[in-house]
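# Tertiary structure, described
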Amino acid sequence: MRLLILSCNTGEGHNSAAKAIKDRFELMGSECDIKDALAFWSPEKSKLISKGHVFIYRRLPKLFGVSYRFEENHPPKDGEESLMYDLVIKGCEALYNFLQEEKYDAVICTHVFPSMMITELRRRYNYFLKTYFVATDYTCSPGVSQTSLDGYFIPHEKLIDEFAANGINRTSIIPTGIPVRECFYSHTDMKEAKRQLNLPENKNIVLLMCGSMGCGPIKELTEFLPEQMPENAMLIVICGNNARLYKSLVKLDQPENIRILGFTDKVSLYMDSASLVLTKPGGLSTTEASAKALPMIFIDAVPGCETRNIDFFIKNGYADTRKGVLELCDLVCDYLEHPDKAVKISQALKNGFRGNAAQKIFDYVSGDVDLPNDKLQKLQIQ
């Protein structure tokens, strides 16, 4: 099978999901390419949109939330398309020419923008290559209702009704989960993980992380939380790609019960070492922690789709949250002092999140796509 994965550089989560799918399909013997969908419109415009998204997301989160709520509350009328749809589809012709040359067997979109582009290709050119959408947040985001694809891989079976209410045919909804890297489906013993990371075995590890952008009140939490935590706890702060945040934190007077990290490729191992994670509710990071059954306390850092993620996890007993830095610090300490609360959330996560989402997506797509006999035999051999 030859697969094209169309992502979008508006947040690393979409690219992370794309890479997880690519890894699994290649492991199963398929050939996969990942492309930035907006680059078919213009590489320069794609970079501009990406930089603008990061700036607003990190510096003006309330504006991001207002924009998201507006899109939620003002869907296009029947027979009309949104302004966003009209802008995104400007890259359709270049994408169509690319697909005509490359001859893929299927397309998977990890963002709503390429899903809109594919929908428009079907309208313009009667183009019906098998195409699927992967939702990377625990909600049916604005714009999904304007798409028409063969399948919709959603994060959880409890979201089926929401996607159906937004016009997605129930027969096209497949609750696979959000695909994350293979390492998050495995588990290193907590003591061994601490040994590998050179962390004290007698400490309960609390992770503080806010995605690759490192947004939210991390500096304030870093200042207040270590002073309040029990003596047997240690705080690990992961700043991701936010170099400015990292530099500002390492300048602070650091007590012995804290460690500041910039970017690390050992997030999975740090999760295995931890008793609790304090994080913003991004779709990918919450799924990674859920796969580990790691109890989460959410920081409501960026309103919008992540507010919907909070709603989903809190409603189903998969996480906890509070408003305000001091309230969050109190909640972390409460969970450290009453481990039975963390155990309850961990068990709920074990019951609610099972299986490898990327493998489920592969199984569905490989069974849904009509392939020549030689390709089918190759897949069966793999």
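To be clear, the structure that these remarks concern was listed above.
All figures in this text were calculated on a predicted structure; none of them were measured in a lab.

Rules used throughout
Residue numbering note: each chain is counted from 1, following its sequence as written. In keeping with the model being predicted, local features are shown solely for residues with a pLDDT of at least 70 and side-chain atom pairs are shown and tallied solely at 80 or more, while totals for entire chains, interfaces and linings include all residues. Computation of side-chain values covers all heavy atoms of the structure but excludes hydrogens and water. Grouping buried Ala, Val, Leu, Ile, Met, Phe, Trp, Tyr and Cys residues that are joined through side-chain atoms within 4.5 Å yields what is termed a nonpolar core. When accessible area is computed with a 1.4 Å probe and restricted to protein chains, residues below 20% of their type maximum are described as buried, those above 50% as exposed, and intermediate ones as partly exposed. By definition, any uninterrupted DSSP run of H or I lasting at least four residues is a helix, any uninterrupted run of E lasting at least two residues is a strand, and each is numbered from the N terminus. Contacts are assigned to residue pairs with any non-hydrogen atoms lying within 4.5 Å of each other. A pair of strands is treated as paired once DSSP finds two or more bridges between them. To get an axis, fit a line to the C-alpha atoms, keeping to the stretch in contact for a helix; angles then go from 0 to 180 degrees between the N-to-C directions. Roughly parallel means an angle under 35 degrees; roughly antiparallel means over 145; roughly perpendicular covers 65 to 115; every other angle is labelled oblique. In this analysis, rings of Phe, Tyr and Trp, with Trp reduced to its six-membered ring, are considered paired at centre separations within 6.5 Å, and the interplanar angle assigns stacked below 30 degrees, edge-to-face beyond 60, and tilted for intermediate values. Geometrically, a lysine NZ or arginine CZ counts as sitting over a ring once it is within 6 Å of the ring centre and also within 35 degrees of the ring normal. Salt bridge criterion: a side-chain nitrogen from Lys or Arg within 4 Å of a carboxyl oxygen from Asp or Glu. Only residues whose relative accessible area exceeds 30% and that take part in no salt bridge are eligible for patches, with like-charged residues grouped when within 9 Å of each other and nonpolar side chains (Val, Leu, Ile, Met, Phe, Trp, Tyr) grouped when within 5 Å. Note that accessible areas follow from Shrake-Rupley with a 1.4 Å probe, and for residues the cover is restricted to the protein chains shown.

### Structural notes on the nonpolar core
One finds Leu-99 and Phe-313 to be the most contacted residues of the largest nonpolar core, which totals 100 residues. With seven residues, helix H14 (residues 325-337) is the largest single contributor of residues to this core. Sequence-distant contacts of Leu-99, that is, excluding residues within four places in its chain, are made with Leu-4, Tyr-104, Val-107, Ile-118, Leu-121 and Tyr-127. Phe-25, Ala-106, Val-134 and Val-365 belong to the second-largest nonpolar core, a separate cluster that totals 17 residues.

### Considering the sheet that holds strand E1 (residues 2-7)
Strand order in the open sheet made by the six strands is E2-E1-E3-E4-E5-E6, with parallel pairing throughout. The sheet is open, and its two edges are formed by strand E2 (31-36) and strand E6 (173-175), each paired on a single side. Between one strand and the next, the sheet's axes are offset by a mean angle of 25 degrees, whatever the strand orientation. Where strand E5 (residues 151-154) and E6 come together, three bridges link them in parallel fashion. Paired with Tyr-152 across the strands is Ile-173, a residue of E6. Against the sheet, helix H1 (residues 12-27) touches E1, E2, strand E3 (106-109) and strand E4 (131-134), its axis set at about 170 degrees to E1.

### Examining the packing of helix H5 (residues 92-102) against helix H6 (residues 112-125)
H6 packs onto H5 with a crossing angle of 80 degrees between their chain directions and a minimal axis gap of 10 Å. Considering their axes alone, H5 and H6 lie roughly perpendicular with respect to each other. On H6, the residues touching Cys-92, Glu-93, Leu-95, Tyr-96 and Leu-99 of H5 are Met-117, Ile-118, Glu-120, Leu-121, Arg-124 and Tyr-125.

### Focus: the packing of aromatic side chains
For the structure on display, the rule yields 18 aromatic pairs. Taking 5.1 Å as the distance between ring centres and 70 degrees as the angle between the ring planes, the aromatic pair formed by Tyr-318 and Phe-353 counts as edge-to-face. With a gap of 35 residues between them, Tyr-318 in the loop between helix H13 (305-315) and strand E12 (320-321) and Phe-353 in the loop between helix H15 (339-352) and helix H16 (357-368) connect regions that are remote in the sequence. Grouping residues by exposure puts Tyr-318 and Phe-353 together as buried. Among the aromatic residues, those joined into a ring-pair cluster are Tyr-138, Phe-298, Phe-312, Phe-313, Tyr-318 and Phe-353. It is Arg-2 that lies over the ring of Tyr-104; its NZ or CZ is 4.4 Å from the centre.

### A few points about the pattern of salt bridges
The final tally for this structure, using the stated rule, is 17 salt bridges. Close ionic contact of Lys-292 with Asp-272 constitutes a salt bridge, the shortest N to O distance being 3.0 Å. Note that Lys-292 is positioned in the loop between helix H12 (283-291) and strand E11 (296-298) and Asp-272 in helix H11 (residues 267-273), a separation of 20 residues in sequence. As far as the burial class goes, Lys-292 and Asp-272 line up, both buried. A salt bridge links Asp-334 to Lys-341; its shortest N-O distance comes to 2.6 Å. Classification of Lys-341 as partly exposed rests on a relative accessible area of 34%. A single salt-bridge network, built from bridges that share partners, covers Arg-2, Glu-31, Asp-33 and Glu-102.

### Side note on the sheet that holds strand E7 (residues 204-209)
Taking strand neighbours across the sheet as the criterion, the six strands line up as E9-E8-E7-E10-E11-E12 in an open arrangement whose pairing is parallel. With one partner strand each, in any of the chains shown, strand E9 (258-261) and E12 form the two edges of the open sheet. Across the sheet, H13 is in contact with E11 and E12; its angle to E11 comes to roughly 140 degrees. In the packing of H14 onto the sheet, contacts are made with E7, strand E8 (233-238), strand E10 (274-279), E11 and E12, and the angle to E11 comes to roughly 170 degrees.

### What about unusual backbone geometry?
The phi dihedral of Lys-103 is positive, around 60 degrees, even though this residue is not glycine. Residue position: Lys-103 is located in the loop between H5 and E3. Lys-103 sits in the exposed class, given a relative accessible area of 54%. With a phi close to 60 degrees, Asn-198 is a non-glycine residue in the positive phi region. Examined against the element boundaries, Asn-198 turns out to sit in the loop between helix H8 (190-197) and E7. The exposure class of Asn-198 is exposed, given its relative accessible area of 62%.

### A short note on a nonpolar patch on the surface
Judged by side-chain polarity, Leu-83, Met-84 and Leu-87 come together as a nonpolar surface patch covering roughly 280 Å² of accessible area. Inspection of the secondary structure puts Leu-83 in helix H4 (residues 83-88).

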